[in-house]
Amino acid sequence: MKFAWSPAAFSSRAHVNSPLVASCFQTRISYCRSLHRYSFISRPYSRLVLPNKFRMPHSQVDLEGKSKVLVFGAGNFGSCLADHLADSLHEVYVWSRSENIVKILNSQHRNPEFLTDHVFPDGLKAVGPEFPSAALIQEMDVLLFAIPTEGVRSTLTELRPKLNDDDLPLMIFVNKGVELGTGALTLDIIADTCGPKIAKASTFISGPSFAKEIIRRQPTSVSVSSLSDDAAQRACKLFHQPWFRCYTGDDPVGVELAGALKNVYAIASGIANGLGFENNTRAMLITRGLAEMTRIGTAYGASPLTFLSLAGVGDLFLTCSSPTSRNYTVGYRLGKGEKLNYILETLGSVAEGVTTTKGLKELIDELGVTAPLAIAVYDVLYEETSRNAQKSCCLCRRFASWICRYKGSQRRD
Ligand SMILES: NC(=O)c1ccc[n+]([C@@H]2O[C@H](COP(=O)([O-])OP(=O)(O)OC[C@H]3O[C@@H](n4cnc5c(N)ncnc54)[C@H](O)[C@@H]3O)[C@@H](O)[C@H]2O)c1
Ligand SMILES: O=P(O)(O)OC[C@H](O)CO
């Protein structure tokens, strides 16, 4: 039977996620229910009927479900998601700290620094460079944070007094990192700055999703996770489009860890490729990286199944295999002998894996888990660099010899 994917068909199917009854992941029963949830993940994309020029005709948009959204961050991902939501006729504002970005986005519908070839929808409005006012914030149904993890604490601290506690917006986070210095996940940062009630209803979106491809309406799927099932469903509905599918879950810690950790293994994969290793080595790094991520995640209290989801193996595979990834690119350039500081100065965009590797090292020590790949990346980025800042190629060669001596295959998965 031929199945034409229409928005209606999607909305009746993509939201049929059965809720997990158990609150966290202690019992086998809850794992089995999760498995049931993943059973519909294999829908055939080959049958996807993409609208002309990958844009959805506005007449097909459900105007009743229209939301007011404020996106924090007009970098690659913030701009891309603002575009996606504005194109779905939500009322979208995007905050940038750059006066020039605000000016050009509003006057020419272009972002002069990120995704520069793209023309943004007329309805998208940029605000800034001052922090958005309490009046604007309190008008919003949704606040979407697309800023690097290092900026989340300061942004939320500034935001908190501007929120109306009697009418809180849905808060969605898409950053993929661990905070430097504290090793905190974003869920912890939210709890610290906004309190546990807001943290519990916060929602995390993660998965294989290059901004450059979403903006061209390439079929993309992500994990959407929250401790509040209602919040996850709302976020899912907000983002859902025929080319952008959302799979809800209730393991935000696992989703966050997966998103942050895959960046570290992407750096490893890039280093290996920059050194001249090819496909076998990359497959080894992806597979052993997945085992390592899962070990760290479960020691932290996350569900192992989350690491088999889009946010886990999906994003790991994407980021470890493509030069579009900034983290992979950092690794690749290190492997080619460039210095880390120079790479970061010239990358033009954030590679969260670099700071996450440092936070992760603290976490690994604290949890006492075996994570040789992550430690090797840490050594390349920090230990050896500080000892021998001039010769990053030496330390990469040591990484290479380490890969060759890697004892992963002698361990149990
Ligand atoms: N680019 C992607 O394809 C992609 C996909 C999925 C997730 N992400 C994640 O989204 C987050 C943002 O990534 P990006 O690609 O947009 O990065 P980017 O470097 O392109 O843009 C970052 C934006 O955040 C702003 N910013 C930086 N520090 C800030 C601070 N302290 N306070 C407020 N704003 C600050 C910058 O001005 C910029 O507008 C990262 O955590 C990244 O891992 C990115
Ligand atoms: O460019 P990267 O390495 O930050 O990866 C971007 C996204 O996380 C891919 O899903």
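Residues numbered from 1 in each chain as written. Chains lettered and ligands numbered in written order. Predicted model: local features only at pLDDT ≥ 70, side-chain atom pairs only at ≥ 80, totals over all residues.

If you check an unreviewed UniProt entry, the protein appears there as Glycerol-3-phosphate dehydrogenase [NAD(+)] from Somion occarium. What UniProt records for the protein under Sequence similarities (unreviewed entry) is the sentence "Belongs to the NAD-dependent glycerol-3-phosphate dehydrogenase family." Looking at the protein in UniProt, the text filed under Catalytic activity (unreviewed entry) is "sn-glycerol 3-phosphate + NAD(+) = dihydroxyacetone phosphate + NADH + H(+)". (UniProt positions renumbered as here; feature names shortened; annotations may be inferred.)

Enquirer: Just to check I follow, could you spell out the UniProt feature "domain: Glycerol-3-phosphate dehydrogenase NAD-dependent N-terminal" (unreviewed entry) in the protein for this structure?
Expert: Under the feature "domain: Glycerol-3-phosphate dehydrogenase NAD-dependent N-terminal" (unreviewed entry), the UniProt entry names residues 68–229. Split by type, residues 68–229 is 36% helix and 20% strand. Its first and last C-alpha atoms lie 21 Å apart. (Helix = DSSP H or I, 4+ residues; strand = E, 2+ residues; numbered from the N terminus.)

Enquirer: How should the environment of K162 be read in this particular structure?
Expert: Secondary-structure assignment places K162 in the loop between helix 6 (149–159) and strand 5 (170–173). Each C-alpha atom of the pair K162 and Q138 lies 7.4 Å from the other, and the pair is 24 residues apart in sequence. Setting aside its immediate chain neighbours within four residues, K162 contacts A134 and I137. (Contact = placed C-beta atoms within 7 Å.)

Enquirer: Is there a simple way to explain the domain arrangement of the protein in this structure?
Expert: By convention, interface size is frequently given as the accessible area that disappears when the constituent parts associate. In terms of domains, the protein is made up of domain 1 (54–250) and domain 2 (255–410). Across the boundary between the two partners, domain 1 contributes 26 residues, which contact 25 residues of domain 2. If you list the elements that add at least two residues to the side of domain 1 that touches domain 2, you get helix 6, helix 7 (186–194), strand 6 (203–206), strand 7 (220–226) and strand 8 (244–249). Element by element, the count of residues in the side of domain 1 that touches domain 2 is highest for strand 7, at 4 residues. Tallied by class, the residues present in the side of domain 1 that touches domain 2 amount to 10 nonpolar, 12 polar and 4 charged. (Domains from an automatic or database assignment. Nonpolar A, V, L, I, M, F, W, Y, C, P; charged D, E, K, R; others polar.)

Enquirer: What am I meant to see in the site of ligand 1 here?
Expert: Contacts to ligand 1 come from 26 residues, most closely from G75, N76, F77, G151 and N175. When residues of the shell around ligand 1 are traced back to their parent elements, those giving at least two are helix 3 (76–87) and helix 6. The biggest single contributor to the shell around ligand 1 is helix 6, with 4 residues. Here the residues of the shell around ligand 1 are counted per class, giving 10 nonpolar, 13 polar and 3 charged. For the shell around ligand 1, the domains that each give at least three residues are domain 1 (54–250) and domain 2 (255–410). (Near = placed C-beta within 6 Å.)

Enquirer: Is there a simple way to explain the nonpolar core in this structure?
Expert: Soluble globular proteins tend to pack their nonpolar side chains together in the buried interior. Residues V71, L144, F145, I172, A235, A268 and V377 are the most contacted members of the largest nonpolar core, which totals 106 residues. The dominant element in this core, judged by the number of residues it contributes, is helix 11 (residues 252–274), at 13 residues. Counting only domains with at least three residues in this core, you end up with domain 1 (54–250) and domain 2 (255–410). (Core = buried A, V, L, I, M, F, W, Y, C linked by C-beta atoms within 7 Å. Buried ≥ 20, exposed ≤ 12 C-beta atoms within 10 Å, placed from the backbone.)

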